[in-house]
Amino acid sequence: MEFHEDDFIIKDFAFTSGDALPQLRLHYRTLGKARRDANGRVCNAVLVLHGTTGSGAQFTRESFAGELFSPGQLLDGSRHFIVLPDGIGHGGSSKPSDGARMDFPRYGYRDMARAQHQLLTEGLGVDHLCLVMGTSMGGMHTWLWGQIFPDFMDCLVPLASLPAEIAGRNRMIRKMIIDSIQSDPAWNGGDYDEQPAGLINAIHLLIMMTSCPRQWQKDAPSRREADAFLAERIKAHAGELDANDMIYQFAASEDYDPAPGLSQIKAPLLAINSADDQVNPPELGIMEAAIPQVERGRYVLLPIDERTRGHGTHTLAAVWKHHLAAFLAAVFPADDS
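Residues numbered from 1 in each chain as written. Predicted model: local features only at pLDDT ≥ 70, side-chain atom pairs only at ≥ 80, totals over all residues. Heavy atoms only, no water.

Moving on, we get to the overall build of the protein chain. Looking only at helices and strands, the protein chain has ten helices and eight strands in total. The C-alpha atoms of the protein chain give a radius of gyration of 20 Å, which matches the 20 Å a tight globule of 337 residues would have. Taking the principal axes of its C-alpha atoms as reference, the protein chain extends roughly 60 × 50 × 40 Å. Expressed as a percentage of its 337 residues, the buried residues of the protein chain come to 54%. (Helix = DSSP H or I, 4+ residues; strand = E, 2+ residues; numbered from the N terminus. Rg over C-alpha atoms; globule rule 2.2 N^0.38 Å. Buried < 20%, exposed > 50% of the residue type's maximum accessible area, 1.4 Å probe, protein only.)

Below, the discussion takes up helix 10 (residues 317-331). Here helix 10 spans 19 Å end to end across 15 residues, near enough to the 21 Å set by a 1.5 Å rise per residue. Along its length, helix 10 shows its largest kink, about 25°, at His323. For helix 10, the full list of buried residues reads Ala317, Val319, Trp320, His323, Leu324, Phe327 and Leu328. Considering only its buried residues, helix 10 is in contact with helix 1 (62-68), strand 5 (131-135), strand 6 (156-159), strand 7 (269-274) and strand 8 (297-302). (Expected span 1.5 Å × (residues − 1). Bend = angle between axes of the 7 residues up to and from the residue. Contact = heavy atoms within 4.5 Å.)

Time to look at the nonpolar core. Judged by nonpolar contacts, the single largest core of 70 residues is most densely connected at Ile88, Leu129, Trp143, Trp145 and Met246. The contacts of Met246, once residues within four sequence positions are left out, are Ile177, Ile181, Leu199, Ala202, Ile203, Leu206 and Leu241. With 30 residues, the next largest nonpolar core counts Phe59, Phe64, Cys155 and Phe327 among its residues. (Core = buried A, V, L, I, M, F, W, Y, C linked by side-chain atoms within 4.5 Å.)

Time to look at the packing of helix 5 (residues 198-209) against helix 7 (residues 223-238). Helix 7 packs onto helix 5 with a crossing angle of 120° between their chain directions and a minimal axis gap of 10 Å. In terms of orientation, helix 5 and helix 7 fall into the oblique class. At the point where helix 5 passes helix 7, the crossing takes the right-handed sense. Every residue of helix 7 that contacts helix 5 at Ile200, Ile203, His204, Leu206 and Ile207 is listed here: Leu230, Arg233, Ile234, His237 and Ala238. Split into classes, the residues belonging to the contact of helix 5 with helix 7 amount to seven nonpolar, two polar and one charged. (Axes fitted to C-alpha atoms, helices over the stretch in contact; angles between N-to-C directions. Parallel < 35°, antiparallel > 145°, perpendicular 65-115°, else oblique. Left-handed = near helix turned anticlockwise from the far one by under 90°. Nonpolar A, V, L, I, M, F, W, Y, C, P; charged D, E, K, R; others polar.)

Across all of its chains, the model carries twelve salt bridges by this definition. In this structure, Lys266 and Asp151 form a salt bridge, with 3.1 Å as the shortest nitrogen-oxygen distance. Highlighted residues: Lys266 in the loop between helix 8 (243-251) and strand 7 and Asp151 in the loop between helix 3 (137-148) and strand 6, separated in sequence by 115 residues. Notably, a salt bridge pairs Glu306 with Lys218, separated by 2.6 Å at the nearest N-O pair. Of the two residues, Glu306 sits in the loop between strand 8 and helix 10 while Lys218 sits in helix 6 (residues 213-219), which places them 88 residues apart along the sequence. Under the relative-accessibility criterion, Glu306 is labelled partly exposed at 47%. Members of the salt-bridge network, linked through shared partners, are Glu5, Arg29 and Asp86. (Salt bridge = Lys/Arg side-chain N within 4 Å of Asp/Glu carboxyl O.)

Here you go:
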């Protein structure tokens, strides 16, 4: 399948922090074409939102796009208009490493959602979405979309997320990631010529944060294999991440707290988490307390099995797409999607 890539420029974007950018660049990918109903409203658009440090590119892989966007699949790209934006501070969108470094505007999740909305309405001419779905940070953005733009979509599917303020262990790890970078003298207030060693310490924490103990024991059953497994992941992350970008990416979650507005969500919502997710462990009981507050909300907890991969299960669509299929069939009873 062939994705179209482009940039959309938002002029004079004002952040909730009070900062502003004369030009905010949002990179995005699309698949398919928008279709309008008899009333002239777009009726086939799907917005898919990525996780922290990621980009929309992660949804073009076989494990996601092949399972959902291929011909005959639930979100067939020949019948749907798929939009995959890179969030502010991520991928090909405007970010600190473009040159501003720590002078880049402070952004939060609500800023990211507003920019996504402008991309759709002003850049792509999309005035309605049939589905908003996202993974991890994108899942959190999905909860916010349901509150900030409650009439803009037909349904919502947040994956690997919780509708609550970032607190407890989750917040502690995020703060340790930021502190690991900023406490390194080589970080130099963000003015470094090469990535500071503190970035590797931050990557160590990121790896632990998203770890999958059961599967990793199988993948690395000996000391030698475990060391090689770890080295490979550190190398992969180090080749992709920038220290300043990472600080901003993890600090962005500080304004996230959808809990007070859960009752404002009008659209049907299906939350999907995995029981082996170390970022959103089910034993916290947060989702069980939250989902009854969403009038048309439903929650699925995937049991641990041979296919689940902890937090990373969110992009393994084959594991959970049967739940998505049942949900979409209920939301669109006269539609094959």
